[in-house]
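# Observations on chain architecture
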Amino acid sequence: MGIFTALIILSFLIFFHELGHFTAARFFGVQVDVFSIGFGRKLFTKQIGKTQWTLSMIPLGGYVKMKGQDDSNPSFVSYDEDSYNIKKPWQRIIILLAGPFANFLLAFILYLSISFIGVPKLLAVVGDINHTQPAYQAGVKVGDRITQINGKRITYWEDIGESIQNNPSQLYITLLRENKFIDLTIVPELQKVQNRFNETVERKIIGIKPNINATTSVTYGVKQGLEYAYTQTENASMLIVKGLQKLLSGLVPMEQLGGVVSIVDVTAKASSVGIISLLFFTALISVNLGVLNLLPIPALDGGHIMFNLYEMISKRKPNEEIMYKLTIMGWAILLGMMVLGLYNDINRLLG
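Residues numbered from 1 in each chain as written. Predicted model: local features only at pLDDT ≥ 70, side-chain atom pairs only at ≥ 80, totals over all residues. Heavy atoms only, no water.

## Some remarks on unusual backbone geometry
Glycine aside, residues mostly have negative phi, and peptide bonds are mostly found in the trans state. Under the convention used in this document: Helix and strand assignments come from DSSP, with helices taken as H or I runs of at least 4 residues and strands as E runs of at least 2, each series counted from the N terminus.
Positive phi, close to 50°, is recorded for N150, a residue that is not glycine. With respect to the secondary-structure elements, N150 resides in the loop between β5 (145–149) and β6 (152–153). Even without being a glycine, K315 presents a positive backbone phi close to 65°. Looking at the secondary structure, you find K315 in the loop between α8 (301–314) and α9 (320–349).

Next comes the structure, spelled out in structure tokens:
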């Protein structure tokens, strides 16, 4: 059931991406010949107007085939009035941007929904202490609830990390223990730790961990919800961009690259945990699709945008032979990444 849910969600995200392209194309009067979810043998086809709506066997992608635009044959052009080719470069760029924009918009809507349902947060309750670190030496105990750091009110666990890193070396902490407020002074230690990209960085550490059972759900109003959704979408985008930078620079090994099997597996697990986890992960995948499609790789939206920017600046169309070779190279890069991701997925599944 979890895998089926994951495939449905993945197909929905692809549909939303392609719907962005479709909507922008039709706005500019471009005929859309095919709107397909999935690849391979067609399972269902329905002709609506001039568009063939298709559901194919392999639900691991999708495409919108516009008149005069064909990634499998970049030399194919059409000069009819309703063709993609005759549109101005800026119009084509908007059509290309509409797909990734749809993914960012969907993520924003999902995060906004989470803010209305209830954002899960860890309370500032100590669940574990390292006996060799400053917090233990200062007298902090398991079960203490931190209420204030250097005069700033602390409500959630995320507030603690921000306060530790942003304040001077000495921390004046107020905590609640058995209905009594206790004031302590802690001097954090600067230590080398691993960040989420497995890089070694220096951070101020006091040696405490949260009580994962001490949680609450926070609902937001419309204004706060909009701010939350924007921030989460922006943070997710920056996280993926940084991850790609680390991957390309070699700081993150290629073994960490995951494929569609990993996406389906993690989505299935998220769906078994609960609706909030599923919404969070769906939003992250949606942002991921948006960012990846903006990469300047021929055959992706970003690659086509680069071609159109060249045409806007130079006032001439790119050489068709060069475009064809670059597109083939782009497909080779994408296929290589897919094969590597699948290889890593199989390795992980085999332990």
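## Examining a nonpolar patch on the surface
Note the cut-off: Nonpolar side chains (Val, Leu, Ile, Met, Phe, Trp, Tyr) are joined into patches within 5 Å and like charges within 9 Å, using only residues with over 30% relative accessible area and no salt bridge. For the accessible areas, the method is Shrake-Rupley and the probe is 1.4 Å, while residue cover comes only from the protein chains on display. The term salt bridge refers to a side-chain nitrogen of Lys or Arg lying within 4 Å of a carboxyl oxygen of Asp or Glu.
On the surface, F39, L43, F44, L55, M57, I58 and Y63 cluster together into a nonpolar patch covering about 640 Å² of accessible area. Looking at the nonpolar patch, the elements that each hand over two or more residues are β1 (32–48) and β2 (51–66). At four residues, the largest contribution of residues to the nonpolar patch is made by β2. Note on placement: I58 falls in strand β2.

## Quick look at the pattern of salt bridges
To keep it simple, the criterion reads: Throughout, exposure labels follow a simple rule: accessible area from a 1.4 Å probe, protein chains only, divided by the maximum for the residue type, with under 20% read as buried, over 50% as exposed, and the rest as partly exposed.
Counted under the stated rule, the structure contains eight salt bridges. In this structure, the salt-bridge partner of K67 is D82, at a minimum N-O distance of 3.0 Å. One end of the pair, K67, is in the loop between β2 and α2 (89–117); the other, D82, is in the loop between β2 and α2, with 15 residues separating them in the sequence. Considered together, K67 and D82 belong to a single accessibility category, that of buried residues. The salt bridge partner of K152 is E162, with a shortest N-O separation of 4.0 Å. One end of the pair, K152, is in strand β6; the other, E162, is in helix α4 (residues 157–166), and 10 residues separate them in sequence. Taking relative accessible area as the criterion, E162 reaches 41% and is therefore assigned partly exposed.

## Examining α8
Applicable threshold: To estimate how far a helix should reach, multiply one less than its number of residues by 1.5 Å.
Spanning 14 residues, α8 covers 20 Å between terminal C-alpha atoms, matching the ideal 20 Å at 1.5 Å per step. Restricting attention to buried positions, one finds in α8 the residues D301, G302, G303, H304, I305, F307, N308 and E311. Of the residues flanking the end of α8, it is K315, one or two places downstream, whose phi is positive at about 65°.

## Details of the packing of aromatic side chains
This is how it is decided: Between rings of Phe, Tyr and Trp, where Trp is taken as its six-membered ring, a pair exists when centres lie within 6.5 Å; planes separated by under 30 degrees are stacked, by over 60 edge-to-face, and by other angles tilted.
Inspection of the entire model under this criterion finds nine aromatic pairs. Where F15 meets F35, the ring centres are 5.5 Å apart and the plane angle is 55°; that geometry is what we call tilted. Of this pair, F15 sits in helix α1 (residues 2–27) while F35 sits in strand β1, and the two are 20 residues apart along the sequence. The class of F15 is partly exposed, set by a relative accessible area of 28%. Ring centres of F27 and F28 lie 5.2 Å apart, and the angle between their planes is 80°; on these two criteria the pair is classed as edge-to-face. Exposure remark for F27: the relative accessible area of 67% places this residue in the exposed category. Taking the relative accessible area as the measure of exposure, F28 reaches 14% and is therefore buried. Among the aromatic residues, ring-to-ring pairing joins F15, F22, F35 and W53 into one connected group.

## Points about the packing of α2 against α8
What counts here: Each axis is a line fitted through C-alpha atoms, taken for helices only over the stretch in contact, and angles between the N-to-C directions span 0 to 180 degrees. Under this scheme an angle from 65 to 115 degrees is roughly perpendicular, one under 35 degrees roughly parallel, and one over 145 degrees roughly antiparallel; angles in between are oblique. Crossing handedness is read from the near helix: turned anticlockwise from the far helix by less than a right angle, it gives a left-handed crossing, and turned clockwise, a right-handed one. Contacts were defined at the residue level, with two residues in contact if any of their heavy atoms lie within 4.5 Å.
Direction vectors running N to C along α2 and α8 enclose 160°, while the axes themselves pass 9 Å from each other. Taken together, the axis directions place α2 and α8 in an arrangement best described as roughly antiparallel. For α2 against α8, the interelement crossing comes out left-handed. Between α2 and α8, the contacting residues are P89, W90, R92, I93, L96, L97 and P100 on the first element and D301, H304, I305, N308, L309, E311 and M312 on the second.

## Details of the nonpolar core
Spelled out, the test is: Buried Ala, Val, Leu, Ile, Met, Phe, Trp, Tyr and Cys residues form a nonpolar core when they are joined through side-chain atoms within 4.5 Å.
Residues Y111, I114, Y228 and V287 are the most contacted members of the largest nonpolar core, which totals 30 residues. Mapped onto this core, the elements with two or more residues apiece are α1, α2, α5 (222–249) and α7 (275–293). When residues of this core are assigned to their parent elements, the largest contribution, eight residues, is made by α7. Non-local contacts of Y111, meaning those with residues more than four positions away in its chain, are made with Y228, A229, Q232, T233, A236, F280, A283 and L284.

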